[in-house]
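As a plain string of letters, each chain reads:
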Amino acid sequence: MTTANGYYIEELSTGMEAVFAKVISDDDITAFAGVSGDTNPVHLNDVYASKTRFGGRIAHGMLSASLISAVIGTKLPGPGAIYMSQSLKFRAPVKPGDEVTARVVIASIDDKRRRVTLTCTAHVGDVLVIDGEAMVMVPSKADLGDNKA
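Throughout this document, residue positions are counted from 1 along each chain, in the order its sequence is written. This being a predicted model, a pLDDT of at least 70 is required before a residue's local features are given, and a value of 80 or more before pairs of side-chain atoms are given or counted; all residues contribute to the totals for chains, interfaces and linings. Side-chain calculation: all heavy atoms of the structure are included, whereas hydrogens and water are not.

Peer 1: Which residues make up the nonpolar core, and what are the values?
Peer 2: What tends to happen in soluble globular proteins is that the nonpolar side chains get buried as a cluster. Counting residues in hydrophobic clusters, the biggest one holds 30 residues, and the most contacted among them are Leu12, Ile24, Leu76, Val104, Val116 and Leu118. Numbered from the N terminus, helices here are DSSP runs of H or I no shorter than four residues, and strands are runs of E no shorter than two. When residues in this core are grouped by element, the largest group, six residues, is from helix H4 (residues 61–74). Grouping buried Ala, Val, Leu, Ile, Met, Phe, Trp, Tyr and Cys residues that are joined through side-chain atoms within 4.5 Å yields what is termed a nonpolar core. Relative accessibility under 20% of the residue-type maximum defines a buried residue, over 50% an exposed one, and the middle range a partly exposed one, all with a 1.4 Å probe and only protein chains included.

Structure representation (structure tokens):
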């Protein structure tokens, strides 16, 4: 890894992986509702949410998915990587207090186009809550030299 700046395309190989874990708190859910504008009561209202199939409040799916973004932007490939696309399937709910572990694994690398395809998952314990695939553009040493900011 090139210091705290992330990986260059030349440093990556298939099978490399990284993880990030976070407990999703009530404050996280409230803050995400404020930032995103998604004030669906299934996320914010205990009485309403208790009457749903989930039996209580659940976190926004995109809040949990943002942990995948955290892995990509800070660990693998890390700073300098730019999202091109992301597909997601939400498999199970995340509730306040759950610890979500996001993992990305490099599935393929297109050196010529400087694109990396990543398999993305998020789990609460052994339960798969999200899976999908991302494509990111990764800087090259040839393009940037060793001067990434």
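Peer 1: So what's going on with the pattern of salt bridges? Which residues, and what values?
Peer 2: The rule for a salt bridge is simple: a side-chain nitrogen of Lys or Arg has to be within 4 Å of a carboxyl oxygen of Asp or Glu. Counted by the stated rule, this structure contains seven salt bridges. A salt bridge links Arg103 to Glu17; the shortest N-O distance between them is 2.4 Å. With Arg103 in strand S3 (residues 99–110) and Glu17 in strand S1 (residues 17–23), this pair connects stretches of sequence that are 86 residues apart. Between Asp131 and Arg91 there is a salt bridge; the shortest N-O distance is 3.0 Å. Separated by 40 residues along the polypeptide, Asp131 in strand S5 (residues 127–137) and Arg91 in the loop between strand S2 (82–90) and S3 bring together distant segments of the chain. Relative accessible area serves as the criterion here: at 47%, Arg91 is assigned to the partly exposed category.

Peer 1: Pulling in residues and values, what's your account of the sheet that holds S2?
Peer 2: For two strands to be treated as a pair, DSSP must find at least two bridges joining them. Read from one edge of the open sheet, five strands run S1-S3-S4-S5-S2, paired in antiparallel fashion. Edge strands, defined here as strands with exactly one partner in the open sheet, are S1 and S2. The sheet shows a mean angle of 20 degrees between the axes of neighbouring strands, taken without regard to direction. Summarising the sheet, strand S4 (residues 115–124) and S5 pair through ten bridges and their orientation is antiparallel. Directly across from Arg115, in S5, lies its bridge partner Met137. Structural elements are reduced to axes, namely lines fitted to C-alpha atoms, with helices fitted over the stretch in contact, and the angle between N-to-C directions of any two is expressed from 0 to 180 degrees.

Peer 1: Go over H4 with me, naming the residues and quoting the values.
Peer 2: Under the convention used throughout, the expected extent of a helix is 1.5 Å for every residue step, that is, one less than its residue count. When the terminal C-alpha atoms of H4 are compared, their 20 Å separation across 14 residues agrees well with the 20 Å that a helix rising 1.5 Å per residue should span. Taken residue by residue, H4 has Leu63, Ser64, Ala65, Leu67, Ile68, Val71 and Ile72 as its buried positions. The contact definition used throughout considers only heavy atoms, calling two residues in contact when any of these lie within 4.5 Å. For H4, the secondary structure elements touched by its buried residues are S1, helix H1 (26–36), S2, S3, S4 and S5.

Peer 1: Which residues make up the side chain of His60, and what are the values?
Peer 2: Looking at the secondary structure, you find His60 in the loop between helix H3 (46–50) and H4. With a relative accessible area of 2%, His60 lands in the buried category. Dropping the residues within four chain positions of it, His60 is found in contact with Ile29, Phe32, Ala33, Asp38 and His43.

Peer 1: Tell me what's going on with a nonpolar patch on the surface, and back it up with residues and numbers.
Peer 2: Residues Ile82, Met84 and Met137 make up a contiguous nonpolar surface patch of roughly 240 Å² in combined accessible area. The partly exposed category is assigned to Met84, whose relative accessible area is 40%. Patch definition: residues with relative accessible area over 30% and no salt bridge; like charges joined within 9 Å; nonpolar side chains (Val, Leu, Ile, Met, Phe, Trp, Tyr) joined within 5 Å. Note on areas: Shrake-Rupley, 1.4 Å probe, and residue coverage restricted to the protein chains presented here.

Peer 1: Before we move on, could you go through the pairing of S5 and cite the residues and values that matter?
Peer 2: Where S2 meets S5, eight bridges bridge the pair, whose relative direction is antiparallel. When the sheet's bridge partners are listed, Ile82 is paired in S5 with Met137. Counted between consecutive antiparallel strands, the loop separating S4 from S5 contains two residues, among which Gly125 sits at a positive phi close to 60 degrees.

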